[in-house]
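Report on the structure
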Amino acid sequence: MALSKLPLSTIFFFLYTSLFTISQVLSSKIAVAQIKDQQDNEPFVGINIGVDVSNLMSATELVSLLQFQKVTHIRLYDADPDMLKALAKTKIRVIISVPNNQLIAIGSSNATAASWIGKNVLAYYPQTVITAIAVGDEVLTTVPSSAPLLVPAIESLYSALVAANLHNQIKISTPHSASIILDPFPPSQAFFNQSWSSVMQPLLKFLSETGSPLMMNLYPYYVFMQNKGVVPLENSLFKPLTPSKEMVDPNTLLHYTNVLDAMVDAAYYSMKNLNFTDVVVLVTESGWPSKGDSKEPYATIDNADTYNSNMIKHVLDQSGTPLHPEITSSVYLYELFNEDLRSPPVSEANWGLFYANATPVYLLHVSGGGTFLANDTTNLTYCIVMDGVDSKTLQAALDWACGPGRTNCSEIQPGENCYQPNNVKNHASYAFDSYYQKEGRAAGSCDFKGVAMITTTDPMIGVWKGHGITFCTESAKYDFNLETIPSHGSCIFPGSKKITNKTKTVMNTTTPSNAADGSRLISIRSSRVSAMDRALQAFLTIIFSILLHIPFVVS
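Each value, and the rule that gives it
Residues numbered from 1 in each chain as written. Predicted model: local features only at pLDDT ≥ 70, side-chain atom pairs only at ≥ 80, totals over all residues. Heavy atoms only, no water. Helix = DSSP H or I, 4+ residues; strand = E, 2+ residues; numbered from the N terminus. Contact = heavy atoms within 4.5 Å. Core = buried A, V, L, I, M, F, W, Y, C linked by side-chain atoms within 4.5 Å. Buried < 20%, exposed > 50% of the residue type's maximum accessible area, 1.4 Å probe, protein only. Pairing = 2+ DSSP bridges. Axes fitted to C-alpha atoms, helices over the stretch in contact; angles between N-to-C directions. Expected span 1.5 Å × (residues − 1). Phe/Tyr/Trp six-rings, centres within 6.5 Å; stacked < 30°, edge-to-face > 60°. Right-handed = clockwise from strand over helix to strand, strands pointing away. Salt bridge = Lys/Arg side-chain N within 4 Å of Asp/Glu carboxyl O. Disulfide = S-S within 2.5 Å. pLDDT = per-residue confidence, 0-100. Parallel < 35°, antiparallel > 145°, perpendicular 65-115°, else oblique. Left-handed = near helix turned anticlockwise from the far one by under 90°. Nonpolar A, V, L, I, M, F, W, Y, C, P; charged D, E, K, R; others polar. Polar contact = N/O pair within 3.5 Å; in protein donor to acceptor, adjacent residues only side chain to side chain.

**Comments concerning the environment of Met311**
With respect to the helices and strands, Met311 occurs in helix 12 (residues 301-316). Between the C-alpha atoms of Met311 and Asn258, which are 53 residues apart in sequence, the distance is 9.6 Å. Once residues lying within four places of it in the same chain are set aside, the contact partners of Met311 are Phe238, Leu260, Ser286, Val331 and Leu333.

**Comments concerning the nonpolar core**
Formed by 102 residues in total, the largest nonpolar core has its most connected members in Ile74, Trp116, Val121, Ile133, Val135 and Leu214. Here the element with the most residues in this core is helix 11 (residues 259-273); it accounts for 10 residues. If we skip the residues at most four places from it in the chain, Trp116 touches Ala79, Ile96, Ser97, Val98, Gln102, Ile106, Val121, Ile133 and Leu157. Leu394, Ala428, Phe432 and Phe448 belong to the second largest nonpolar core, which has 21 residues in total.

**Things to note about the sheet that holds strand 5 (residues 171-173)**
Read from one edge to the other, the open sheet built from nine strands follows the order 5-4-3-2-1-13-12-9-6, with strand pairing classed as parallel. The open sheet has two free edges, formed respectively by strand 5 and strand 6 (175-177), since each of these has just one partner strand. For this sheet, the mean angle separating the axes of adjacent strands, direction not counted, is 25°. In this sheet, strand 3 (residues 93-98) lies alongside strand 2 (residues 73-76) in parallel orientation, the contact comprising three bridges. Each bridged residue has a counterpart across the sheet, and for Arg75 the counterpart in strand 3 is Ile95. Sitting on the sheet, helix 12 touches strand 1 (45-49), strand 12 (281-286) and strand 13 (331-333), and the angle it makes with strand 13 is about 155°.

**Structural notes on helix 11**
When the terminal C-alpha atoms of helix 11 are compared, their 21 Å separation across 15 residues agrees well with the 21 Å that a helix rising 1.5 Å per residue should span. Helix 11 sits mainly inside the fold: 13 of its 15 residues count as buried. Taken from the residues just after helix 11, Asn275 is the one with a positive phi, measuring 70°.

**Section: the packing of aromatic side chains**
Applying the stated criterion across every chain yields a total of 19 aromatic pairs. Consider the rings of Tyr219 and Tyr222, whose centres lie 5.6 Å apart with planes at 70°: the pair is edge-to-face.

**Examining the pairing of strand 12**
Of all six residues that make up strand 12, six are buried, and the element is covered over most of its length. In the sheet, strand 9 (residues 214-217) pairs with strand 12 via four bridges, with the strands oriented parallel. Bridge pairing in strand 12 links Met215 to Leu282. Both strand 12 and strand 13 contribute to a ladder of two bridges, which runs parallel. By the bridge assignment for strand 13, Ser286 is matched with Leu333. Crossover connection from strand 12 via helix 12 to parallel strand 13: handedness right-handed.

**Focus on the pattern of salt bridges**
If you walk through the whole model with that rule in mind, you get seven salt bridges. Its salt-bridge partner being Arg75, residue Asp137 comes within 3.1 Å of it at the nearest N-O pair. Of this pair, Asp137 sits in the loop between strand 4 (129-135) and helix 6 (139-142) while Arg75 sits in strand 2, placing them 62 residues apart in sequence. Accessibility expressed as a relative area gives 0% for Arg75, which makes it buried. Ionic pairing is found between Arg342 and Glu348, a salt bridge with its closest N-O pair at 3.1 Å. Judged by relative accessible area, which is 18%, Glu348 ranks as buried. Sharing partners across several salt bridges, the network here consists of Asp52, Glu339, Arg342 and Glu348.

**A word on the state of the cysteines**
Applying the stated criterion to the full structure yields two disulfides. Across the disulfide from Cys383 sits Cys446; the S-S distance is 2.1 Å. Every disulfide takes its handedness from the sign of the S-S torsion; for Cys383 and Cys446 that torsion is 85°, giving right-handed. Of this pair, Cys383 sits in strand 14 (residues 382-385) while Cys446 sits in the loop between helix 14 (424-438) and strand 15 (452-455), and the two are 63 residues apart along the sequence. Per residue, the accessibility class of Cys383 equals that of Cys446, and both read buried. Two residues, Cys402 and Cys409, share a disulfide whose sulfurs are 2.0 Å apart. When the S-S torsion is -90°, as for the bridge of Cys402 with Cys409, the disulfide is left-handed.

**Considerations on the confidence of the model for the protein**
Residues of the protein with pLDDT of at least 70 account for 72%, and the chain-wide mean is 80. Ignoring residues within four places in sequence, the model shows residues 28-39, a span with pLDDT below 50, making 16 contacts including any to other chains.

**Things to note about the packing of helix 7 (residues 150-163) against helix 8 (residues 197-210)**
Contact geometry for helix 7 and helix 8: axes closest at 9 Å, N-to-C directions at 20°. Put simply, helix 7 runs roughly parallel to helix 8. In terms of crossing hand, the pair formed by helix 7 and helix 8 is left-handed. Contact residues: Leu150, Val151, Ile154, Glu155 and Tyr158 in helix 7; Val199, Pro202, Leu203, Phe206 and Thr210 in helix 8. Here the residues of the contact of helix 7 with helix 8 are counted per class, giving eight nonpolar, one polar and one charged.

**A word on unusual backbone geometry**
Following Phe185, the chain continues into Pro186 via a peptide bond in cis, with omega recorded as 0°. If you trace the backbone, Pro186 turns up in the loop between strand 7 (181-182) and strand 8 (191-192). In this structure, Pro345 follows Pro344 across a cis peptide bond, with omega equal to 10°. Here Pro345 lies in the loop between strand 13 and strand 14. The backbone of Asn165 sits at a positive phi, close to 60°, despite the residue not being glycine. By secondary structure assignment, the location of Asn165 is in the loop between helix 7 and strand 5. Judged by relative accessible area, which is 53%, Asn165 ranks as exposed.

**A short note on the side chain of Thr128**
Turning to its location among the elements, Thr128 is positioned in the loop between helix 5 (110-122) and strand 4. A polar side-chain atom of Thr128 sits 3.4 Å from the main-chain amide nitrogen of Ala88. Apart from residues no more than four positions distant in its own chain, Thr128 is found in contact with Leu84, Leu87, Ala88 and Val94.

Below, the structure is given as structure tokens:
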């Protein structure tokens, strides 16, 4: 039949079906593009959020803290609805968890699994970017009675994700204790505890088939504590080593400069022994306690700072491991808060970066390794008064600083910003820090005959708390509502002024940086969509051009 003889209804039916097909293709491509936008292409450092905390802040406040601290990935130990609501539209990527006490119900019933996905995933996704589900936590070693239902629970939840067409966006796995790996060093000799083969074999098969990671909780702190005299502290803390101190695997001759890499490679070798080589390791917990009891002398702020700061830099440097230099495992730092309600030993309550009121426990030092946490104040130190110094001695030191020391003490004069609190200790700390900063923080410039000390804690915390104002981090005070504070409360210490400028730069490059990232993604999406639009426009132009030249026959 000639085209000119086609009935008008047939032509319009052809046009409609063509447009429908194209729209379906476009929708599919856009969906794929959006999935790719939500996937992580680079290794990252996330953080665990435990809630055994007195006076825990609200979910909204907690998410605000995360945003201010530039945290992009978190892991929850449940699927708290308030947190999932508060995380909506923040782009913070979250692993939610199935608590151990829910495993039996989910592993025994597909309907229960589907209900769990509906309640805890579908109700929030995609506004809240849920990237993975951690099914239980260290099940094999903490609740071995539930182990037979672990893989069935994972498979039931996965089936529910498939039904919702979210199985490509959201991965499912289960975090393991490092103790499931026996003979972990040298890594090449490591293997999974064979008593768990009935679980690990089908689990790894599932992870391999679904592209999900093997989740491992890895703590060099415990390796060091259990092997003192064998494992050097430097290796555990990522400190630079001479070649003679590097750990060498005698079977592969690979050199290990830190314990975490050895633990990750032990997991890879353990999987290889079961013939799985395509599953990546995701470190769901790692950290170092900042305080311990008498039996835990290495749980100190300095060691916690050193480990976490170096670990973050190691991940962001993307140097991989000796076995897999091409693969860098992402790590979730343990943890955000000190969980003061945890049972002894003392270290159990002291893994956090922050206290419950969001005051930093210590300051990370990760500059140069990317952006993670706004409380990083690398190389920023201050000079303040030591505790217990009598007023007469302090006054003499203050007089010298503001006199012969040629320190600018104008800010601590009556009526000026730093006059309050009006006491010699506060005034002396200001003057000491002013002199110390003026001298370029040189050695010996913070002494004042033994009455001063160097600290990494911003002295402004004490000053602002003296006015009944507590900020979540030192840098926050410079960016939030200064106009609402009485003039005598707007004192900024000399060393803090440097943070102020730096902080505002960071904040002004972080927030717009996120905006820029968003703009970049929008731009990419727009270019993809606009290219598709142009193709569709060209197609329609051709169709209508043909139609305009057809002498239609109305039947």
